[in-house]
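Given next are the chains, with one letter for each unit.
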Amino acid sequence: MPISVSASTLKSWLHDGREIALLDVREHGQYGESHLFYATSLPYSRLELEIARLVPRKQARVVVYDGGEGGSAGVAERARLRLEALGYTQVAILEGGTRAWRGAGYQLFAGVNLPSKTFGELAEHVYRTPRITARQLAQKQAEGAPLVVLDGRPVSEFGKMNIPGAICCPNGELAYRIRNLAPDESTPIVINCAGRTRSIIGAQTLINLGVPNPIYALENGTQGWYLADLPLEHGGTRRYADDSGGQSLQTQARALAARFDVPYVDAPTVRTWFQDVGRSLFLCDVRTPEEFKAGSLQGAQHTPGGQLMQASDQYVGVRGARLVLFDSDGVRAPVVASWLRQMGHDACVLAGGLNSGLALDVEASPPAPALASISVPELARRLQRQDVAVVDLRPGMRYRAAHIPGARWSIGPNLARDLVAEPCQIVLVADEAELAQWASLELPQAPLLLEGGMGAWQQAAMPVESSPDRPSDEACVDYLFFVHDRHDGNKEAARQYLAWETGLVPLLDERELAAFRLPPAAN
């Protein structure tokens, strides 16, 4: 494995049929402005926290990259060395980063979750998913027509804004809960999300299952609703009931799995795969957060079904890996797997699901370096003596909102540079202690860690200050400003976002398009 590869070599690797993890190790905001199509965002500041989850097999072929110039130059080399120290054996750097990729004539993309969102646009075209506009839906609601509006986003997103009258039912739960939510088979069902992808995939899921109701995707979701000058609700709590009638759709779910060649595999087979040093394996529990918390299979990660389809790259960092999905009902896993197969993933369903008896001894993440801690009262006393320097490692926008007076903001890749001339004892503040512990490796002397982080400081009623313009937008590399206020009253940002989403497909080349496995388009 070479230490560095050219853009043309990487391009061939991405389509050679072998596993590869392509990691953008810049911070999330930099990634969102311009990145490679198949890249997984793994910021250098979170490298040690996320790598074992995203790339569990240390023998996997890994390519890391940065921008090749400017503020992110050199981050890829640091990431390569850190990954090798963690035991990864095949790590290379993209020579010249995104600058060289563009220079070689290859496309760069803005935004996040590119493969999933592009797939949604392709799926709408292939299946000709029925749609309804915001004004058409509003008119039906005003007329009092029988109608069920289901929001396919997670509960946390639903609470930010929702179509009036909508019920939260994440896409991964639709097949399992639909008969309770719409018991009358003549009632029209409308699926919406914030934009387009989950509206399309949610509606087409029910159609693919043979649900007899009239089914529509809300065109452009809550953004389309807002652009039509219709009011949204905020703080909504309506959601699916915990009990379901999902068992009635087991037959349909199995038929859907067969239609898209989704294999069912038993526990002994998965154990054998797990021992295969040549392939990566992800054991995915697609049930709800509450179900996962109550108990799951050893070695599984929680990948709620709707989000696994919507944001696959946030859960699976290895292109070409084996994905083994399971549930407790025989409905959700095969439905989600049917979509993942069409997206080009090697997805299968664990026979027996939660009751299969499968247990995998997944290697634990390496322990973070130990740091001595400092209590809130002691930090307050030392700040008065002015013999400590407080460095806040929380996300830049949280720092802007409230931080300890006098604290400066920094982030993993910039920490050593920002503190090069600091003579005082450094105290790190973080939401996650492990993030600060790993970041301490960037410093020549071990810092102290504030016990309980900013939460403990505020609970003790200690003073805080805000800085709406600090860190500056340019310095706030962990925040994705890409049409970031599309849900906060900025209609132009919403229009730009929808134009970006609908314009993705023409940007793909033939090999990227060929990786999807959708059925032929209807005539």
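Parameters and conventions
Sequence order sets the numbering: in each chain, residues are counted from 1 along the sequence as written. Per-residue local features are limited, in this predicted model, to residues with pLDDT of at least 70; the limit for side-chain atom pairs, both in listing and counting, is 80 or more; totals at the level of whole chains, interfaces and linings are taken over all residues. The side-chain numbers reported here are obtained from all heavy atoms of the structure, hydrogens and water having been left aside. Two strands make a pair as long as DSSP finds a minimum of two bridges between them. In this description a helix means any DSSP run of H or I spanning at least four residues, a strand means any run of E spanning at least two, and both kinds are numbered starting from the N terminus. Residues count as neighbours in contact if any of their non-hydrogen atoms are within 4.5 Å of one another. Whenever a helix is involved, its axis is fitted only over the stretch in contact; in every case the axis is a line through C-alpha atoms, and angles between N-to-C directions fall within 0 to 180 degrees. Two rings from Phe, Tyr or Trp (for Trp, the six-membered ring) form a pair when their centres are within 6.5 Å of each other. A pair whose planes differ by under 30 degrees is stacked, one over 60 is edge-to-face, and the rest are tilted. Think of it in three bands: residues with accessible area under 20% of the maximum for their type are buried, residues over 50% are exposed, and the middle band is partly exposed, with areas taken using a 1.4 Å probe on protein chains only. Over a ring means this: the NZ of a Lys or the CZ of an Arg is within 6 Å of the ring centre and within 35 degrees of the ring normal. A pair of sulfur atoms, both from cysteines and within 2.5 Å, is called a disulfide here.

Strand order in the open sheet formed by 5 strands is β6-β10-β9-β7-β8, with parallel pairing between adjacent strands. The open sheet has two edge strands, β6 (131-132) and β8 (167-168), and neither has a second partner. Two strands pair when backbone bridges link them, and strand β7 (residues 148-151) and β8 are joined in this way by 2 bridges, in the parallel orientation. Within β8, the residue paired with D151 across the bridge is C168. Seen against the sheet, helix α10 (residues 197-208) touches β9 (189-192) and β10 (215-218) and runs at an angle of roughly 175° to β10.

With that settled, the discussion passes to the packing of aromatic side chains. In this structure the tally under the stated criterion is 8 aromatic pairs. With a centroid separation of 4.8 Å and an interplanar angle of 80°, the aromatic rings of Y479 and F481 are classed as edge-to-face. Residue class for F481 comes out partly exposed when judged on its relative accessible area of 21%. Taken together through their ring pairs, the aromatic side chains of F119, Y127, W339 and F516 make up a single cluster. Lying across the ring of Y38, R319 places its NZ or CZ 3.8 Å from the centre.

The tally for this structure, following the rule as stated, stands at 0 disulfides. Free cysteine C348: the closest other cysteine sulfur is in C284, separated by 9.3 Å.

On to the sheet that holds strand β12 (residues 281-285). Sheet strands line up and pair through hydrogen bonds in the backbone, either parallel or antiparallel. Strand order in the open sheet formed by 5 strands is β11-β15-β14-β12-β13, with parallel pairing between adjacent strands. Here the strands that pair on one side only, and so sit at the sheet edges, are β11 (264-265) and β13 (301-302). Together, β11, β14 (322-326) and β15 (346-350) form the strand contacts of helix α16 (residues 332-342), whose direction differs from that of β15 by roughly 170°.

What follows covers the environment of A73. Assignment of secondary structure puts A73 in the loop between β4 (61-65) and α4 (75-85). By relative accessible area, which is 40% here, A73 ends up partly exposed. On a C-alpha basis, the gap between A73 and G96 in space is 8.7 Å, while along the polypeptide they are 23 residues apart. Beyond its immediate sequence surroundings of up to four residues, A73 is in contact with D66 and G68.

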